Amino acid sequence: MSQFRVLAGVLKGGGSPLLRLRAGGLTWRCWAHPKRGCSSRTDPLPAVVSNSSYVEEMYLAWLDDHKNVHKSWDSFFRNIQASGPSGEAGERRPSALLQGRVLSRSLDVAEKVVEDHLAVHTLIRAYQVGHTHLIISCAFLKSLNQIIVSCGFVLGLYGLNESDLDRSFQLPHTTFIGGQETTLPLREIIRRLEASYCGHIGVEFMFINNVNQCQWIRQKFETPGIMQFTNAEKRTLLARLIRSTRFEDFLARKWSSEKRFGLEGCEVLIPALKTIIDKSSASGIDSVIMGMPHRGRLNVLANVIRKDLDQIFCQFDPKLEAADEGSGDVKYHLGMYHERINRETDKNITLSLVANPSHLEAVDPVVQGKTKAEQFYRGDTQGKKVMSILMHGDAAFAGQGVVYETFHLSELPSYTTNGTIHVVVNNQIGFTTDPRVARSSPYPTDVARVVNAPIFHVNADDPEAVMYVCRVAAEWRATFNKDVVIDLVCYRRFGHNEMDEPMFTQPLMYKQIHRQEHVLKKYSEKLIAEGVVTLQEFEEEVAKYDKICEEAYTSSKDEKILHIRHWLDSPWPDFFTAQGEPKSMSCLPTGLDEEVLQHIGQIASSVPLEDFKIHPGVSRILRGRADLVKSRQMDWALGEYIAFGSLLKDGIHVRLSGQDVERGTFSHRHHVLHDQEVDKRICVPMNHLWENQASYTVCNSSLSEYGVLGFELGFAMASPNALILWEAQFGDFHNTAQCIIDQFISSGQAKWVRNNGIVLLLPHGMEGMGPEHSSARPERFLQMTKDDPDHIPVYFEVHQLYDCNWIVVNCSTPANYCHVLRRQILLPFRKPLIIFTPKSLLRHPDARSGFDDLAKGTKFKRLIPDEGPAGQSPGQVKRVIFCTGKVYYELAKERKQQNLYRDVAIIRLEQISPFPFDLVSEEVEKYTNAELVWCQEEHKNMGYYDYVRPRFLTVVANKKPIWYVGRDPAAAPATGNKSTHLNELRKFMDTAFNMSSFQD
């Protein structure tokens, strides 16, 4: 546009020949020459001419040959000539024209030329920004007052009118509508913009703050004739659409009264996914991990993953018996893992659809974590081999906060998967709720704008437009390694499920839907009319797939047993036997050699990099660790260091994630050291332990629990040979991730036969810090354990662990904490591990262990008996106090003060669930004359009491009571008043050591 400013400068600038244009802080002197137009110079011109002679010279040159002058002058003189009388237009001498009319109007005309060009540029930009101009052919959409408007721009808004439509304008560099042309008539400009942005595709991208990315998208959608398909591609698309549509039709015919959450109204999803996979496979991707809600899942399993149809159809048989333990899950929640040849690229590709609950979008971070893990283990740092696809519903995509949390992980170094393709099945309804009351944003996809992800809205009744958008999305992901969203604007032909009646709440909408032609019918007729396929070929393809379905249906009747293992989304073939069972039922001791302990201790207390300046406070902490190592002692931080370091030595990857985990919420860990003089220079000593060790990942997360815990759960799904830990900033905050805990961690194996060894570190303890910084809510975890309180198992330790759904521990010593972390990997199977970790014990002088407690041959202690005078003379003991965690040290201190060593035994339950019946029974039999007391610092209706009480009664066959000592029932987990906290502690300590507390 600089030439227009130059032109205006000529006509405004009096007698000066120097045309100055300031751009980007530089002054350009432009010399206009009849044969060159405008060329930049840095030295002044000697010639001085008046405006009138200058313009006359340019006009003469233009009359001689329009190419003699710059395009701006050409346009200028054309406009003047067009606006004058016909007689004047043919004059060869300019004097009268220029002197009499041109020069008198030159200023106004020049300004008008500039303004018109700027207006046209603004018009082009308006089309690029105006993604709301998506035209949908589905008539019912228009009745819903959706944000779909006409593309007819009022030219007057831009200072233009209809007489300008045939004028030619210079195209800016920010558009590709010209192809090889640099100027176009306004009428053609608008026609091409309408074709690019006002058809069945709407593009949101102008918010992206990267010029190259915006230009890339413009080129993909504006270049004339770019959306072309060969006849072979059209036939492939038709065949895929046939399979998608006829699969749903077949299910509807055979099981008309069954819920299946069909894809009717968005059948194009299947060819869309296959196109994304084809394009990604061609660019080098060989593993795709997918997550999706229930709608269309069976169709995706059948026609994308390629699950055997008979295995799907047999799921509808009510007489099918389960061959696997656990509850199983409904068919439209199950996952699948399958490796096959991609027919379009003739390359191997692995497809994994992750099982998920009905909690929409909960699977999003899980898929991302699994994807990140596979990329990590394969060294795929750029995401060139492994990628993820997430499918969403419109209402959930806009309404579920975990979508936002997952997006915010997308470009964090330790969480990025290098771009995810999101596909939104936009039914324009959520169950019975209209969009106008379901979201505040214009589109359901607006959340994606926070990470500058382009959004492609496309009419799902135009299969070719959908396929083109999917191609572009796959290319975007391969080019920029960033997220992208495809919004399939469609409809739901039936209700929320096939048994639901949508006419109750959306009568007008569903009257229109019932009149809507099926997309397969419309597209097949289009291709037949184009001569791409014949009617006979189309009917043969339909009959061919119908026959496949009928044969699979017949075969499915032979299936009598349901094998949930056949639906596993993350198999570990080398870890289990061929039948999916553990290779043994034993666990090696978790102790370590002295030299290993010493070596890890030395690295933990030093800085392995030279010239690395650490903070004096950190230096003091490292010196303290060194002193502990010399004395063969360990505190909590060192015990954890030894556990991680020893596993790394054995080739086990360790990943610790969560808020502030690098330093530790309580400033005890310091696994990442920061140079105090060089910005962003860090050191992770754990990665300098051994020459051929596994890598250690420790990463501060975003301030998210739901998304991050789901991510780490997914990471732990990928391999059993890794220790994956998530630490809450305080245990209280884990309830923000309660959905992941309830739907995946607690019940995942029962529903989906899926082992997972995720470790949750939950800081817990009543220390006067208020109701939100005290309790990790152990009662909730214990309530969800599946062990029977009224039945004592026959086998313990490993067998008992194998039968449980998760392991809950509250360690009271650093050594036991180290043992339980190492046991998590040495077990022949994987179970989630919930650890209530300490806060004040991190620096408690009594909460230390000797290296002997980790010596070769030692192992995790499920219960720690009293080894003092009481344990040596059990017959004299009057009271046995069972407890767990930090309260032990308060009880021990109080016993010491009251000198009750021989009267009161204190026994610690380190593993709370599964309950150590065998060890508790031994202790109870040992102290035959003593009262049994359960003491906890939590309130009576919280903590462990409701879990342990029935199990203690089972141990004693209900012949003795188990008395309660602790805080009274309460609504809040802890008081916020320090004085009240101390008074409560004093009260239950007095009760615990008052020998007459429980006498009538």
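Residues numbered from 1 in each chain as written. Predicted model: local features only at pLDDT ≥ 70, side-chain atom pairs only at ≥ 80, totals over all residues. Heavy atoms only, no water.

Per an unreviewed UniProt entry, the recorded name for the chain is oxoglutarate dehydrogenase (succinyl-transferring), and the organism is Oreochromis niloticus. UniProt lists a comment for the chain under the heading Subcellular location (unreviewed entry), and it reads "Mitochondrion". The record held by UniProt for the chain lists under Sequence similarities (unreviewed entry) the comment "Belongs to the alpha-ketoglutarate dehydrogenase family." (UniProt positions renumbered as here; feature names shortened; annotations may be inferred.)

J.: Before we move on, could you go through the sheet that holds strand E7 (residues 287-291) and cite the residues and values that matter?
T.: Overall, mixed pairing links the 8 strands, which are arranged E6-E13-E14-E12-E11-E7-E10-E9 in an open sheet. The two strands at the open ends of the sheet, each matched to only one other strand, are strand E6 (201-204) and strand E9 (336-342). When the angles between neighbouring strand axes are averaged without regard to direction, this sheet yields 20°. Strand direction decides the pairing type here: strand E13 (residues 455-459) and strand E14 (residues 484-489), joined by 5 bridges, are parallel. Bridging across to E14, phenylalanine 456 finds its partner in isoleucine 486. Contacting E9, strand E10 (347-353), strand E11 (386-393), strand E12 (420-426) and E14, helix H10 (residues 269-282) runs over the sheet at an angle of about 165° to E11. Against the sheet, helix H13 (residues 363-377) engages E7, E10, E11 and E12, with an angle of about 175° to E11. (Pairing = 2+ DSSP bridges. Helix = DSSP H or I, 4+ residues; strand = E, 2+ residues; numbered from the N terminus. Axes fitted to C-alpha atoms, helices over the stretch in contact; angles between N-to-C directions. Contact = heavy atoms within 4.5 Å.)

J.: With reference to specific residues and values, describe the confidence of the model for the chain.
T.: The share of residues in the chain with pLDDT of 70 or more is 88%, and the mean pLDDT across the chain is 87. Overall, residues 1-50 carries pLDDT values under 50, and its contacts beyond four positions in sequence, including any with other chains, amount to 80 contacts. Across residues 132-153 the pLDDT falls below 50, and counting only partners more than four positions away or on other chains, this stretch makes 63 contacts in the model. (pLDDT = per-residue confidence, 0-100.)

J.: Explain the pairing of E12 to me, and be specific about the residues and the numbers.
T.: The side chains of a regular strand alternate between the sheet's two faces. A large share of E12 lies buried, amounting to 7 of its 7 residues. Of the two faces of E12, both are covered, the one formed by Thr420, His422, Val424 and Asn426 as well as the one formed by Ile421, Val423 and Val425. For E11 and E12, the ladder comprises 6 bridges, and the chain directions are parallel. Residue pairing in the sheet places isoleucine 389 in a bridge with isoleucine 421 of E12. The pairing of E12 with E14 spans 6 bridges and is classified as parallel. (Buried < 20%, exposed > 50% of the residue type's maximum accessible area, 1.4 Å probe, protein only.)

J.: Tell me what's going on with empty space enclosed by the protein, and back it up with residues and numbers.
T.: Counting across every chain of the model gives 12 cavities of 30 Å³ or more. Here the largest cavity is characterised by a volume of approximately 90 Å³. Together, Leu713, Phe744, Ile745, Gly748, Gln749, Arg754, Asn755, Asn756, Asn805 and Pro832 line the largest cavity. For the lining of the largest cavity, the secondary-structure elements that each account for two or more residues are helix H24 (738-746) and helix H25 (748-752). When grouped by side-chain class, the residues that make up the lining of the largest cavity number 4 nonpolar, 5 polar and 1 charged. By volume, the second largest cavity amounts to about 80 Å³. At the level of secondary structure, the elements contributing two or more residues to the lining of the second largest cavity comprise helix H22 (636-649) and strand E22 (759-763). When the residues that make up the lining of the second largest cavity are grouped by side-chain class, the tally is 7 nonpolar, 3 polar and 3 charged. (1 Å grid on protein atoms, 1.4 Å probe; cavity = no way out; pocket = protein on both sides within 12 Å on 5 of 7 lines; lining within 4 Å. Points joined across faces, edges and corners; volume = space filled by probe spheres on them. Nonpolar A, V, L, I, M, F, W, Y, C, P; charged D, E, K, R; others polar.)

J.: Residues and numbers for the nonpolar core, please.
T.: Counting 174 residues, the largest nonpolar core has Leu269, Phe313, Val423, Ile486, Leu488, Leu760 and Phe882 as its most contacted members. Tallying contributions element by element places helix H16 (residues 463-480) first for this core, with 10 residues. The residues contacting leucine 760, other than those within four sequence positions of it, are Leu709, Trp726, Ile741, Ile745, Phe781, Leu833, Ile834 and Ile835. (Core = buried A, V, L, I, M, F, W, Y, C linked by side-chain atoms within 4.5 Å.)

J.: Could you give an account of the layout of surface pockets, naming the residues involved and the relevant values?
T.: Estimated volume of the largest pocket: approximately 950 Å³. Every residue lining the largest pocket is counted, 40 residues in all, and those nearest its centre are Thr813, Ile864, Tyr888, Tyr889 and Arg908. Elements supplying a minimum of two residues to the lining of the largest pocket: helix H28 (814-826), strand E26 (863-864), helix H30 (887-898), strand E28 (904-909) and helix H33 (978-993). Per element, the largest residue contribution to the lining of the largest pocket is 7 residues, and it comes from H30. Grouping the constituent residues of the lining of the largest pocket by class yields 14 nonpolar, 9 polar and 17 charged. There are two domains that each give the lining of the largest pocket at least three residues, and those are domain 3 (592-763 + 809-852) and domain 4 (866-991). (Domains from an automatic or database assignment.)

J.: Quick rundown of the environment of valine 654? Include the residues and the values.
T.: Structurally, valine 654 is set in strand E17 (residues 653-658). Residue classification places valine 654 among the buried positions, given a relative accessible area of 0%. Along the chain, valine 654 and isoleucine 724 lie 70 residues apart, while their C-alpha atoms are 6.0 Å from each other. Setting aside chain neighbours within four positions, we find valine 654 in contact with Phe644, Leu647, Leu648, Ser695, Tyr696, Thr697, Leu723 and Leu725.

J.: Tell me about the sheet that holds strand E24 (residues 833-837), and name the residues and values.
T.: Reading across the sheet, the 7 strands line up as E20-E17-E21-E22-E24-E23-E29 and stay open at both edges, with mixed pairing between neighbours. Pairing within the sheet leaves two strands with one partner each, and these edge strands are strand E20 (696-700) and strand E29 (911-913). The average undirected angle you get between the axes of adjacent strands in this sheet is 20°. Alignment of strand E21 (residues 722-727) against E22, held across 3 bridges, turns out to be parallel. Considered in E22, the bridge of tryptophan 726 is made with leucine 760.

J.: Tell me about the packing of H30 against H33, and name the residues and values.
T.: Between H30 and H33, the shortest axis-to-axis distance is 11 Å and the interhelical angle comes to 60°. Compared by their axis directions, H30 and H33 come out oblique. Considering only the axes of H30 and H33, their crossing is right-handed. Of H33, the residues touching H30 (which contributes Val887, Glu890, Leu891, Glu894, Arg895 and Gln898) are Leu985, Arg986, Phe988, Met989, Asp990, Ala992 and Phe993. (Parallel < 35°, antiparallel > 145°, perpendicular 65-115°, else oblique. Left-handed = near helix turned anticlockwise from the far one by under 90°.)

J.: Please give an account of the pattern of salt bridges that cites residues and values.
T.: Once the charged atoms of two side chains with opposite charge are near each other, the side chains can pair. A complete count under the given rule lists 47 salt bridges for this structure. The salt bridge partner of arginine 192 is glutamate 181, with a shortest N-O separation of 3.3 Å. A residue pair is termed long-range when its members are at least 10 positions apart, and arginine 192 in helix H7 (residues 186-197) and glutamate 181 in the loop between strand E4 (168-170) and strand E5 (183-185) qualify at 11 residues. Assessed through its relative accessible area of 15%, arginine 192 is described here as buried. For glutamate 264, the salt bridge is made with arginine 260, and the minimal N-O distance between the two is 3.0 Å. In terms of burial, glutamate 264 and arginine 260 fall into one category: buried. Linked by salt bridges that have partners in common, Glu181, Glu188, Arg191 and Arg192 make up one network. (Salt bridge = Lys/Arg side-chain N within 4 Å of Asp/Glu carboxyl O.)

J.: Before we move on, could you go through helix H31 (residues 917-926) and cite the residues and values that matter?
T.: Along H31, the residues that are buried comprise Phe917, Asp918, Leu919, Val920, Glu923 and Val924. Close packing links the buried residues of H31 with helix H27 (798-803), E26, strand E27 (879-883), E28, strand E30 (931-939) and helix H32 (945-955).

J.: Let's hear about the packing of aromatic side chains: which residues, and what values?
T.: In the structure shown here, the tally under the stated rule is 38 aromatic pairs. Here the aromatic rings of tryptophan 963 and phenylalanine 998 are separated by 5.0 Å at their centres, their planes lie at 10°, and the arrangement is stacked. Note that tryptophan 963 is positioned in strand E31 (residues 962-967) and phenylalanine 998 in the segment after H33, a separation of 35 residues in sequence. Residue classification places tryptophan 963 among the partly exposed positions, given a relative accessible area of 31%. Here the aromatic residues Phe781, Trp806, Phe836, Phe882, Phe915, Phe917, Trp934, Tyr944, Tyr947 and Phe952 are joined through ring pairs into a cluster of three or more. Positioned over the ring face of tyrosine 415 is arginine 655, at 5.2 Å from the centre of the ring. Here the guanidinium or amino end of lysine 831 rests over the ring plane of tyrosine 802, the centre of that ring lying 5.5 Å away. (Phe/Tyr/Trp six-rings, centres within 6.5 Å; stacked < 30°, edge-to-face > 60°. Lys NZ or Arg CZ within 6 Å of the ring centre and 35° of its normal.)

J.: So what's going on with unusual backbone geometry? Residues and values would help.
T.: In the segment running from serine 913 into proline 914, the intervening peptide bond is cis, with an omega of 0°. Inspection of the secondary structure puts proline 914 in the loop between E29 and H31. Positive phi values are uncommon outside glycine, yet asparagine 958 reaches one of about 60°.

J.: Quick rundown of the side chain of threonine 813? Include the residues and the values.
T.: Its place among the elements puts threonine 813 in the loop between strand E23 (807-809) and H28. Of the polar contacts made by the side chain of threonine 813, one reaches the backbone nitrogen of asparagine 816; its length is 3.1 Å. (Polar contact = N/O pair within 3.5 Å; in protein donor to acceptor, adjacent residues only side chain to side chain.)

J.: Give a detailed account of the pairing of E14, specifying residues and quantitative values.
T.: Burial runs high along E14: 6 of the 6 residues are buried. Neither face of E14 is open: one carries Val484, Ile486 and Leu488, the other Val485, Asp487 and Val489, and all of them are buried. For the crossover that starts at E13, traverses H16 and ends in the parallel E14, the hand is right-handed. (Right-handed = clockwise from strand over helix to strand, strands pointing away.)

J.: Can you break down the packing of helix H20 (residues 594-604) against H22 residue by residue, with the values?
T.: In contact at an axis separation of 9 Å, H20 and H22 are set at 115° when each is read in the N-to-C sense. As far as their axial angle goes, H22 and H20 are roughly perpendicular. Note on packing geometry: the crossing formed by H20 with H22 is right-handed. Contact residues: H20 offers Val596, Leu597, Ile600, Gly601, Ile603 and Ala604, while H22 offers Leu638, Tyr641, Ile642, Gly645, Ser646 and Lys649. Grouping the amino acids of the contact of H20 with H22 by side-chain chemistry returns 8 nonpolar, 3 polar and 1 charged.

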